[in-house]
Amino acid sequence: MSLRFGYGTNGLTDLRLNDALGLLADLGYDGVGLTLDHMHLDPAGPDAPARARQVARRLARLGLGVTVETGARYILDPRRKHGPSLIDPDPEARATRVRLLVTAVHIAAELGAHAVHCFSGTVPDGADDGTSWKRLGQALEPVLAAAEREGVPLAVEPEPGHLLGTLADFHRLRADLGDPGVLGLTLDIGHCQCLEPEPPADCVRAAAPWLRHVQIEDMRRAVHEHLPFGEGEIDFPPVLDALSATGYRGLTVVELPRHSHMGPDLAQRSLRFLRNGGTW
């Protein structure tokens, strides 16, 4: 089955969103991983609903699918990267993140997105894991309710260094929440290489029933650094074969958030690599 490839706007932050979408369509991408941020569809902007409708029309004209991503570094706090999180000790701070995710669900519905991506956050200093897991489950309840109403899956990403950092942690969350149907998984292929005990292709097969969004880039073992294809250690043909064999129909999105300065060139080269089956 043919895979559908996208590129993340967090790797195209030097471009206006309209220009980024036009570039990806011209290159031949099937879709886009749209990170809600101040420069690309600011979810806190007073014109966010109208802007979302404009972007929806632009995506439709270009024939691009979309997944909404919520990993903007400083969208909620100009001093704390990815803060506050869903497990912040301050309930008002947690509520701020919840409101962002609920807004992201509404925007995703307007865009016709395949899923909304999110992550847990790192365990705060002085907090224990048990308390953090409880906070995470409680914080996600209204987000999952919104996702259920809008018919948009919520795709949680295991993130190195976070409370929910592995596939095993994702399954713990599923069990804690009673395995809601709207809860799915964002699988980052580089993260599998970084810290999962099994090879990335095996991770894909194991995660297949819950896959709602896939991010892809190169990476080295035990080093959480997103790299262009060919600069890490991943053997990509087995990974792409495994993804295809699962029947996954969402987007597989190139995730290079620290390479925006060379985004257009990397977008072109990355699609050539992926369309060639994961080889140069």
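The structure this text deals with has already been given above.
Keep in mind the model is a prediction, meaning the values are calculated, not measured.

Conventions we followed
- Residues numbered from 1 in each chain as written.
- Predicted model: local features only at pLDDT ≥ 70, side-chain atom pairs only at ≥ 80, totals over all residues.
- Heavy atoms only, no water.
- Helix = DSSP H or I, 4+ residues; strand = E, 2+ residues; numbered from the N terminus.
- Rg over C-alpha atoms; globule rule 2.2 N^0.38 Å.
- Buried < 20%, exposed > 50% of the residue type's maximum accessible area, 1.4 Å probe, protein only.
- Pairing = 2+ DSSP bridges.
- Axes fitted to C-alpha atoms, helices over the stretch in contact; angles between N-to-C directions.
- Parallel < 35°, antiparallel > 145°, perpendicular 65-115°, else oblique.
- Left-handed = near helix turned anticlockwise from the far one by under 90°.
- Contact = heavy atoms within 4.5 Å.
- Nonpolar A, V, L, I, M, F, W, Y, C, P; charged D, E, K, R; others polar.
- Salt bridge = Lys/Arg side-chain N within 4 Å of Asp/Glu carboxyl O.
- Core = buried A, V, L, I, M, F, W, Y, C linked by side-chain atoms within 4.5 Å.
- 1 Å grid on protein atoms, 1.4 Å probe; cavity = no way out; pocket = protein on both sides within 12 Å on 5 of 7 lines; lining within 4 Å.
- Points joined across faces, edges and corners; volume = space filled by probe spheres on them.
- Expected span 1.5 Å × (residues − 1).
- Arc of directions from axis to C-beta.
- Polar contact = N/O pair within 3.5 Å; in protein donor to acceptor, adjacent residues only side chain to side chain.

Caption draft 1: Spatial organisation of the overall build of the chain. Across its full length, the chain carries 9 helices and 10 strands. Over its C-alpha atoms the chain spans a radius of gyration of 17 Å, differing by no more than 12% from the 19 Å that the globule rule assigns to 280 residues. Summarising its shape, the C-alpha atoms of the chain cover approximately 45 × 45 × 35 Å along the three principal directions. For the chain, the proportion of its 280 residues judged to be buried stands at 56%.

Caption draft 2: Representation of the pairing of strand β10 (residues 251-254). The side-chain alternation of β10 yields two buried faces, one formed by Leu-251 and Val-253 and the other by Thr-252 and Val-254. Pairing geometry for strand β1 (residues 4-8) and β10, over 4 bridges, is parallel. Looking at the pairing, Phe-5 lines up with Thr-252 of β10. Bridge count between strand β7 (residues 211-216) and β10: 3 bridges; the pairing is parallel. Within the sheet, the bridge partner assigned to Gln-215 lies in β10 and is Val-253.

Caption draft 3: Focus on the packing of helix α1 (residues 17-27) against helix α9 (residues 263-275). Two elements in contact, α1 and α9, have axes separated by 10 Å at closest approach and are oriented at 30 degrees. Between α1 and α9, the interaxial angle falls into the category roughly parallel. Here α1 and α9 pass one another in a crossing that is right-handed. Along its contact with α1, which presents Leu-23, Leu-24 and Leu-27, the element α9 presents Pro-264, Ala-267, Gln-268 and Leu-271. For the contact of α1 with α9, the class distribution of residues is 6 nonpolar, 1 polar and no charged.

Caption draft 4: Here's a closer look at the pattern of salt bridges. Evaluation of the coordinates by the stated rule reveals 8 salt bridges. For Asp-265, the salt bridge goes to Arg-269, with nearest N and O atoms at 3.0 Å. Of this pair, Asp-265 and Arg-269 are both found in helix α9, 4 residues apart, which corresponds to roughly one turn of the helix. When its relative accessible area of 26% is taken as the criterion, Arg-269 is described as partly exposed. Members of the salt-bridge network, linked through shared partners, are Asp-77, Arg-80 and Asp-88.

Caption draft 5: Spatial organisation of the nonpolar core. Core analysis: the largest hydrophobic core is formed by 79 residues, its most contacted members being Tyr-7, Leu-41, Leu-111, Leu-136, Leu-187 and Ile-189. Apart from the residues within four sequence positions on either side, Leu-136 is in contact with Leu-86, Ile-87, Ser-120, Leu-163, Leu-164 and Leu-173.

Caption draft 6: Representation of the layout of surface pockets. Empty space within the largest pocket amounts to approximately 570 Å³. Every residue lining the largest pocket is counted, 33 residues in all, and those nearest its centre are Gly-71, Arg-73, Lys-81, His-82 and Pro-257. Per-element accounting of the lining of the largest pocket gives the leading share, 3 residues, to strand β9 (residues 223-227). Residue classes in the lining of the largest pocket are distributed as 7 nonpolar, 16 polar and 10 charged. Counted as a void, the second largest pocket has a volume near 220 Å³.

Caption draft 7: View of the packing of α1 against helix α2 (residues 48-62). Their axes nearest at 10 Å, the elements α1 and α2 cross at an angle of 20 degrees. Taken together, the axis directions place α1 and α2 in an arrangement best described as roughly parallel. Of the two elements, α1 crosses α2, and the hand of that crossing is right-handed. Residues Leu-17, Asn-18, Leu-21, Gly-22 and Ala-25 of α1 form the contact with α2, whose participating residues are Arg-51, Val-55, Arg-58, Leu-59 and Leu-62. The residue makeup of the contact of α1 with α2, split by class, is 6 nonpolar, 2 polar and 2 charged.

Caption draft 8: Here's a closer look at α9. Compared with an ideal rise of 1.5 Å per residue, which puts 13 residues at 18 Å, α9 spans 18 Å between its outermost C-alpha atoms and is within 8% of the ideal. Among the residues of α9, Gly-263, Leu-266, Ala-267, Ser-270, Leu-271, Phe-273 and Leu-274 are the ones counted as buried. Buried positions in α9, seen along its axis, are confined to an arc of 160 degrees and lie on one side of it. Residues of α9 that are buried in the fold lie against β1, α1, β7, α8 (236-246) and β10.

Caption draft 9: Here's a closer look at α2. If you check α2, its first and last C-alpha atoms are 21 Å apart, about what 15 residues at 1.5 Å a residue would give, namely 21 Å. On its buried side, α2 packs onto α1, β2 (31-35), β3 (65-69) and α3 (91-111). Just beyond α2, the residue with positive phi is Gly-63, at close to 70 degrees.

Caption draft 10: Structural detail: the side chain of His-117. Secondary-structure assignment places His-117 in strand β4 (residues 116-118). Side chain to side chain, His-117 and Glu-157 meet in a polar contact 2.7 Å long. In this structure His-117 touches Val-68, Glu-69, Thr-70, Gly-71, Ala-155, Glu-157, Thr-186, His-213 and Gln-215, once residues within four positions along its chain are discounted.

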